[in-house]
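Fold and contact review
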Amino acid sequence: MSPATAEPIELEHEKLFLRLDRGIFELFEFPPTTDFHFRTPVRWLAVQFDARRADRCRLRFGFVEADDVPLFGTQPVPFVFTHTPSAVLPQAAEGVFREYFARVAKAAGRRLGA
């Protein structure tokens, strides 16, 4: 299934809204801030999950150049820019986001990391 022909894939979790539509991934936070909106072709997207203290996790969203970089995973990602949007959430949310990005990866012909 090509991302250009697929139905939108959306996830709303806490104050985050994620959407893949026609090959473009978008991330929004509520309330909106000028520095949090993130939009990229899904082929350039990578999301890194970091476990943090006190049962928290951080999701880092960024741009990558290589097609072989996993779309989502726990390993360090070679982001193109040093500043990328991130969100801090309960660690229990990792499964929700892994499931969502598994759907996104399948639609985009990409893979998940560990």
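Below you will find a few notes about this structure. Predicted model only: the values in this text are computed from it and were never measured. (Residues numbered from 1 in each chain as written. Predicted model: local features only at pLDDT ≥ 70, side-chain atom pairs only at ≥ 80, totals over all residues. Heavy atoms only, no water.)

1. Examining the sheet that holds strand β5 (residues 45-51)
The line we're drawing: Whether two strands pair comes down to DSSP finding at least two bridges between them. Numbering goes from the N terminus for both helices and strands, where a helix is a DSSP run of H or I of at least four residues and a strand is a run of E of at least two.
Across the sheet, 4 strands lie side by side as β7-β5-β6-β8; this open sheet has mixed pairing. Because the sheet does not close on itself, it has two edges, and the strands there are β7 (72-73) and β8 (86-90). Taken together, the 7 bridges between β5 and strand β6 (residues 56-63) define a ladder with antiparallel strand orientation. If you follow Asp-50 over to β6, its bridge partner there is Arg-58.

2. Overview of the packing of aromatic side chains
Test applied: In summary, the pairing rule links any two rings of Phe, Tyr or Trp, Trp by its six-membered ring, whose centres are within 6.5 Å, and it sorts them by plane angle into stacked for under 30 degrees, edge-to-face for over 60 and tilted for everything else. Throughout, exposure labels follow a simple rule: accessible area from a 1.4 Å probe, protein chains only, divided by the maximum for the residue type, with under 20% read as buried, over 50% as exposed, and the rest as partly exposed.
As enumerated under the stated definition, the model contains 10 aromatic pairs in all. A ring pair is formed by Phe-25 and Phe-38, whose centres lie 6.5 Å apart and whose planes are at 65°; its orientation type is edge-to-face. Of this pair, Phe-25 sits in strand β3 (residues 24-29) while Phe-38 is found in strand β4 (residues 38-41), placing the two residues 13 residues apart along the sequence. Each member of the pair, Phe-25 as well as Phe-38, carries the same accessibility label: buried. When the centroid spacing of 6.4 Å and the interplanar angle of 55° are considered together, the rings of Phe-61 and Phe-101 count as tilted. One end of the pair, Phe-61, is in strand β6; the other, Phe-101, is in helix α1 (residues 94-108), and 40 residues separate them in sequence. The same class applies to Phe-61 as to Phe-101, namely buried. Grouping aromatic residues by their ring pairs yields a cluster made of Phe-25, Phe-38, Phe-61, Phe-63, Phe-72, Phe-81, Tyr-100 and Phe-101.

3. Here's the deal with the pattern of salt bridges
How we decide: Within this document, salt bridges are pairs made up of a side-chain nitrogen of Lys or Arg and a carboxyl oxygen of Asp or Glu, the two lying within 4 Å of each other.
Per the counting criterion, the structure on display carries 6 salt bridges. The closest approach of N and O atoms between Asp-21 and Arg-19, which form a salt bridge, is 2.9 Å. You can call Asp-21 buried: its relative accessible area is 16%. A relative accessible area of 22% places Arg-19 in the partly exposed class.

4. Considering the side chain of Arg-60
Put simply, the rule reads: In this tally Asp and Glu are treated as negative and Lys and Arg as positive; neither His nor the chain ends contributes. Residues are treated as being in contact if the distance between any of their heavy atoms lies within 4.5 Å.
Relative to the helices and strands, Arg-60 resides in strand β6. One buried charged side chain, Arg-60, makes no salt bridge at all; its nearest oppositely charged neighbour is Asp-50, positioned 4.9 Å away. The contact partners of Arg-60, leaving out residues within four places of it in the chain, are Ala-46, Val-47, Gln-48, Asp-50, Phe-79, Thr-84, Pro-85 and Ser-86.

5. A short note on the environment of Val-104
Among the structural elements, Val-104 can be located in helix α1. Along the backbone, Val-104 and Arg-19 are 85 residues apart, and their C-alpha atoms lie at a distance of 9.2 Å. Filtering out sequence-adjacent residues up to four positions away, Val-104 remains in contact with Ile-9, Leu-20, Val-42 and Leu-71.

6. Concerning α1
Let me state the cut-off plainly: One less than the residue count of a helix, multiplied by 1.5 Å, gives the span that helix is expected to have. The directions from the helix axis to the C-beta atoms form the arc being described.
For α1, which comprises 15 residues, the first-to-last C-alpha distance of 20 Å matches the rise-based estimate of 21 Å (1.5 Å per residue) to within 8%. Inspection of α1 places Glu-94, Phe-97, Tyr-100, Phe-101, Val-104, Ala-105 and Ala-107 among the buried residues, and these make up the whole buried set. Around the axis of α1, the buried residues are gathered within 160° of arc, so they sit on the same side. Structural note: α1 exposes Glu-99 and Lys-106 on the side pointing more than 90 degrees away from its buried face. Just past α1, the residue Gly-109 takes up positive phi, approximately 70°.

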